[in-house]
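Take a look at the letters that make up each chain.
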Amino acid sequence: MNSINGGQVFNHELDGWSVSWESDGNYRHWCHQIKNSKWDSLLVVMFNPGSLSGDGSNLSKDTTLRILREVCGAANLNPYVINLFDYASPLPQKLFDNWNLRDSNSIVFGKLPFSIFQSYILAYGDYENWGQRDTEIKERQALVLSYLESLNEILLPKNNSGTPKHPMIWQRQKLKPNISALLQAAPNKSKHSDAASCAGV
């Protein structure tokens, strides 16, 4: 898998999955988890990277990525995670405290390998209602969505505020089987179904 934003690409095997990501210092640009190279890839839009960054020493501690493996694996999909902001921290408040560092020197949305996706899901949570940078978060959401207009959004259960539920909420509310069923029922056939051979991933 190749860099799309000038960082270093790492790969580790975990729980039968091949997990690849691109890191650059405190930033993680994307993370692609592949269980079966013949499965299609699902684009997952999150808020900011969590425990997984750098060389992957904390990979096994990243609960969100584990939940995505469980949910997407049950739907025969390989999740490809991007984030509204690339600054990596398992504590969102640390991102807010370092807001001037929220992005690396360029953002990745226009550089994604769109040919491997048909669909995407939003799973970035309710941080736009924390009263910290709400307007800027909503502006970034709109920017990201403008890049995804060619893809189909798979609609998932939302928070009471109308924002997407974070995967941790899926787990807390015991929604993982429901989410897997919704993903499996949706059309997901990509233009390029062999995830392992995708150029630029």
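Here, every reference points to the structure presented above.
None of the values given here were measured: they were computed from a predicted structure. (Residues numbered from 1 in each chain as written. Predicted model: local features only at pLDDT ≥ 70, side-chain atom pairs only at ≥ 80, totals over all residues. Heavy atoms only, no water.)

A.B. asks: How do you make sense of the overall build of the chain when you look at a structure like this?
C.D. replies: Counting its regular elements, the chain contains five helices and seven strands. Put simply, the chain runs from its N terminus to its C terminus through helices and strands in the order β-β-β-β-α-β-α-β-α-β-α-α. Taken over C-alpha atoms, the radius of gyration comes to 15 Å for the chain, in line with the 17 Å a tight globule of 201 residues would show. Along the longest, intermediate and shortest principal axes, the C-alpha atoms of the chain span 40 × 40 × 30 Å. Every one of the 201 residues in the chain was classed for burial, and the buried ones make up 52%. Relative to all contacts within the chain whose residues are 6 or more apart in sequence, the contacts with residues 24 or more apart total 75%. Averaging the coordinates of the 19 positive side-chain charges in the chain and doing the same for the 19 negative ones gives two points 5 Å apart. (Helix = DSSP H or I, 4+ residues; strand = E, 2+ residues; numbered from the N terminus. Rg over C-alpha atoms; globule rule 2.2 N^0.38 Å. Buried < 20%, exposed > 50% of the residue type's maximum accessible area, 1.4 Å probe, protein only. Contact = heavy atoms within 4.5 Å. Lys, Arg positive; Asp, Glu negative; His and termini not counted. Charge placed at Lys NZ, Arg CZ, Asp CG, Glu CD.)

A.B. asks: Is there a simple way to think about the sheet that holds strand E3 (residues 27-34) in this case?
C.D. replies: Through backbone hydrogen bonds, the strands of a sheet pair up, either in parallel or in antiparallel fashion. Pairing within the open sheet is mixed, and its seven strands lie in the order E1-E2-E3-E5-E4-E6-E7. Strands at the two margins of the open sheet, each flanked by one partner only, are strand E1 (8-14) and strand E7 (152-153). Across seven bridges, the pairing between strand E4 (residues 40-46) and strand E5 (residues 77-83) is parallel. Paired with Met46 across the two strands is Asn83, which belongs to E5. Across the sheet, helix H1 (residues 63-74) is in contact with E1, strand E2 (17-24), E3, E4 and E5; its angle to E5 comes to roughly 145°. (Pairing = 2+ DSSP bridges. Axes fitted to C-alpha atoms, helices over the stretch in contact; angles between N-to-C directions.)

A.B. asks: Please clarify how the packing of aromatic side chains should be interpreted in this entry.
C.D. replies: Throughout the structure, instances matching the rule amount to 13 aromatic pairs. Seen in terms of ring centroids, Phe10 and Trp21 are 5.7 Å apart; in terms of plane orientation they differ by 20°. Their pairing is stacked. Within this pair, whereas Phe10 is found in strand E1, its partner Trp21 is found in strand E2, the two being separated by eleven residues in sequence. Classification of Trp21 by relative accessible area gives buried; the value is 0%. Both rings, one in Tyr127 and one in Trp130, keep their centres 4.9 Å apart while their planes meet at 65°; by these two values the pair is edge-to-face. (Phe/Tyr/Trp six-rings, centres within 6.5 Å; stacked < 30°, edge-to-face > 60°.)

A.B. asks: What is the right way to read the pattern of salt bridges from this model?
C.D. replies: For side chains bearing opposite charge, pairing can occur when the charged atoms are close. This model, assessed by the stated rule, comprises six salt bridges. The closest approach of N and O atoms between Glu70 and Arg66, which form a salt bridge, is 2.8 Å. Highlighted residues: Glu70 and Arg66, both in helix H1, separated by four residues, approximately one helical turn. The partly exposed category is assigned to Glu70, whose relative accessible area is 35%. Of the residues examined, Arg66 reaches a relative accessible area of 28% and is grouped as partly exposed. (Salt bridge = Lys/Arg side-chain N within 4 Å of Asp/Glu carboxyl O.)

Fair warning: the whole summary comes from geometry, so function is off the table for now.
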